[in-house]
Amino acid sequence: MGVIDRYRDYLPVTGKTPVISLEEGGTPLVRADLIAERIGPGYAVWLKYEGLNPTASFKDRGMTMAVSKALEEGSRAVACASTGNTSASAAAFAARAKIKCVVVIPEGAIALGKLAQALIHGATVIAIRGNFDQALDIVREICEKYPIALVNSINPYRIEGQKTASFEVCDSLGHAPDYHALPVGNAGNITAYWKGYKEYKERGKVDRLPVMLGFQAAGAAPIVEKRVIEDPRTLATAIKIGNPASWKQAEAARDESGGLIDKVTDEEIIEAYRLLAAGVGIFVEPASAAGIAGILKKAKQGYFPAVTSPSERKDIVCVLTGHGLKDPDMAIKCLETPVVVDAKIEEVIREAGI
Ligand code: F0G
């Protein structure tokens, strides 16, 4: 069952809404003691593994809503700007809905897996000589002038679908976490999680709210630096954004929850990326490691208070937004290439150190 059918009562849908679903959502919340040990005694770290959605990123939750509502409202085409994952998701859901999909991406700044997805799902892909922020400006204007539904996260239905991830976190834990950490790019995801947590509390499903911890890449940290970044830079291409569309909402989530939005360097992101893969067994794309890099950085700074009583476990949920196979180039780039030997057993044994 997809997120619309599972959380229908919390979503702006009616019996007339044509549900376009790929059975998204229902992703696991994986405990990661290796990370928790680095935070401190009494802490548990949970990884919301959103890379296990149908197009391998968290975007599918919002996209099922955006495309279903676009269809209900009579649109025959959808469009988005993207650093890659939104375009992959939009292309897949548009294919399922049998409508046209146009995606505008920054040339040369999209991970290979994401580009392959957008193309194979039949989207019209246009690369601009410019960055994500410029692509979004162009798509916004096109959608104002033509009868095409914009499916970036400024589309409120995207946020509605996306908020179901907080419901799942609360349903899995049996309560809201103490802290919720995630990467921040265009800031739709932090906006949606915060909305979801607040709604679950209003409906009496949980009795508290988490502290929201957002992390931007150091070379693309407009919210942290309180200014638009004209030329954002980071190897975490998914969050290479200099002027987030949901900037204000991200600040509201931070301030209302008593949380923070901080930045992590590319080195810290890659360290967390490798730790997740080699130490925890979960392969994510670099941007997804920003939340982990962030909580490790905050732990080193003494941000997390000591837990005094063993019965008072504190839960940190970290969202792993996209699968590592989206960006295989990055994984290979940060590792040594395999040694090549002759096809002889003794050579393989020697190299394997058996
Ligand atoms: N992680 C990944 C893997 C993403 O693809 C994105 C955003 C984010 C984190 C940040 O989420 O924008 O809601 O703050 N990707 C968008 C895209 C911008 O076009 O795919 P956000």
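Below is a short write-up of the structure. Along each chain, residue indices are assigned from 1 in the same order as the chain's sequence is written. Totals for whole chains, interfaces and linings use every residue, but because this is a predicted model, local features are given only for residues with pLDDT of at least 70 and side-chain atom pairs only at 80 or more, for both listing and counting. By convention in this description, side-chain values take in all heavy atoms of the structure and omit both hydrogens and water.

## Structural notes on the environment of P177
Argument step 1. Each helix corresponds to a stretch of at least 4 residues labelled H or I by DSSP, and each strand to a stretch of at least 2 residues labelled E; elements are numbered beginning at the N terminus. Following the sequence through the fold, P177 ends up in the loop between α8 (164-173) and β7 (179-183).
Argument step 2. With relative accessibility at 0%, the residue P177 sits in the buried group.
Argument step 3. Put simply, P177 and Y197 are 20 residues apart on the chain and 9.7 Å apart in space, counted from C-alpha to C-alpha.
Argument step 4. In what follows, residue pairs with any heavy atoms lying within 4.5 Å of each other are defined as contacts. Contact partners of P177, with chain neighbours within four places excluded, come to V169, Y197, R208, L209, P210, D315 and V317. Relative accessible area decides the class of each residue, using a 1.4 Å probe on protein chains only: under 20% of the type maximum gives buried, over 50% gives exposed, and in between gives partly exposed.

## Considering the site of the ligand
Argument step 1. In the vicinity of the ligand there are 20 residues, among which S82, G185, N186, A187 and T321 approach most closely.
Argument step 2. Any N or O atom pair separated by 3.5 Å or less is treated as a polar contact, with the protein-specific requirement of one donor-capable and one acceptor-capable atom, and with residues adjacent in sequence counted only for side-chain atom pairs. The backbone of G188 places a nitrogen or oxygen atom 3.1 Å from an oxygen atom of the ligand.
Argument step 3. Surface accessibility follows the Shrake-Rupley procedure with a 1.4 Å probe radius. Residue values consider only the protein chains on display as shielding. For the ligand, whose unbound accessible area comes to 470 Å², protein coverage reaches 98%.
Argument step 4. How far each domain reaches was decided by an automatic or database domain assignment. Among the domains, domain 1 (3-57 + 157-333) and domain 2 (59-154) are the pair contributing at least three residues each to the shell around the ligand. Proximity is defined per residue: if any heavy atom of the residue lies within 4 Å of a molecule or strand, that residue is considered near it.

## Digging into the pairing of strand β10 (residues 314-320)
Argument step 1. Across the 7 residues of β10, 6 count as buried, placing the element largely inside the fold.
Argument step 2. Only strands joined by at least two bridges in the DSSP assignment are considered to pair. As paired elements, strand β2 (residues 43-49) and β10 share 7 bridges and run parallel to each other. In the sheet register, W46 faces β10, and the bridge partner there is V317.
Argument step 3. Of the pairings in the sheet, the one linking β7 to β10 comprises 3 bridges and is parallel in character. When the sheet's bridge partners are listed, A181 is paired in β10 with C318.

## Let's talk about the pairing of strand β5 (residues 124-128)
Argument step 1. Where strand β4 (residues 100-106) and β5 come together, 5 bridges link them in parallel fashion. Across the sheet, residue P106 finds its bridge partner in β5, namely I128.
Argument step 2. Of the crossover connections in this fold, the one passing from β4 over helix α5 (residues 112-120) to the parallel β5 is right-handed. By the criterion used throughout, a crossover qualifies as right-handed when its path from the first strand across the helix to the second strand runs clockwise, the strands pointing away from the viewer.

## Let's talk about the packing of helix α4 (residues 85-97) against α5
Relative orientation and spacing of two packed helices are given, respectively, by the angle between their axes and the distance between those axes.
Argument step 1. Contact geometry of α4 with α5 gives a least axis separation of 8 Å together with a crossing angle of 25°. With respect to each other, α4 and α5 are oriented roughly parallel. The handedness of the crossing between α4 and α5 comes out as left-handed. Every residue of α5 that contacts α4 at N85, S87, A88 and A91 is listed here: K114, Q117 and A118.
Argument step 2. Residue composition of the contact of α4 with α5, grouped by class: 3 nonpolar, 3 polar and 1 charged. An axis is simply a line fitted to the C-alpha atoms; with a helix, the fit covers only the stretch in contact. Between two such axes, the angle follows the N-to-C directions and lies from 0 to 180 degrees. Note on terminology: angles under 35 degrees are roughly parallel, angles over 145 are roughly antiparallel, angles of 65 to 115 are roughly perpendicular, and the others are oblique. By convention the crossing between two helices is left-handed if the near helix lies anticlockwise of the far one by an angle smaller than a right angle, and right-handed if it lies clockwise. For this scheme, ten residues count as nonpolar: Ala, Val, Leu, Ile, Met, Phe, Trp, Tyr, Cys and Pro. Four count as charged, namely Asp, Glu, Lys and Arg, and the remainder, Gly too, count as polar.

## Some remarks on the sheet that holds strand β6 (residues 149-150)
Argument step 1. The parallel open sheet is built from 4 strands, whose spatial order is β5-β4-β3-β6. With one partner strand each, in any of the chains shown, β5 and β6 form the two edges of the open sheet.
Argument step 2. Where α4 meets the sheet, it contacts β3 (77-81) and β4, and its direction lies at approximately 170° from that of β4.

## A word on the sheet that holds strand β1 (residues 29-31)
Argument step 1. One open sheet holds the 6 strands; their spatial order is β1-β2-β10-β7-β8-β9, and the pairing between them is mixed. The two strands at the open ends of the sheet, each matched to only one other strand, are β1 and β9 (260-264). Strand-to-strand twist in this sheet, taken as the mean axis angle between neighbours without regard to direction, amounts to 25°.
Argument step 2. Sheet strands in contact with helix α12 (residues 266-280) are β2, β8 (211-217), β9 and β10, and its direction is about 90° off that of β9.

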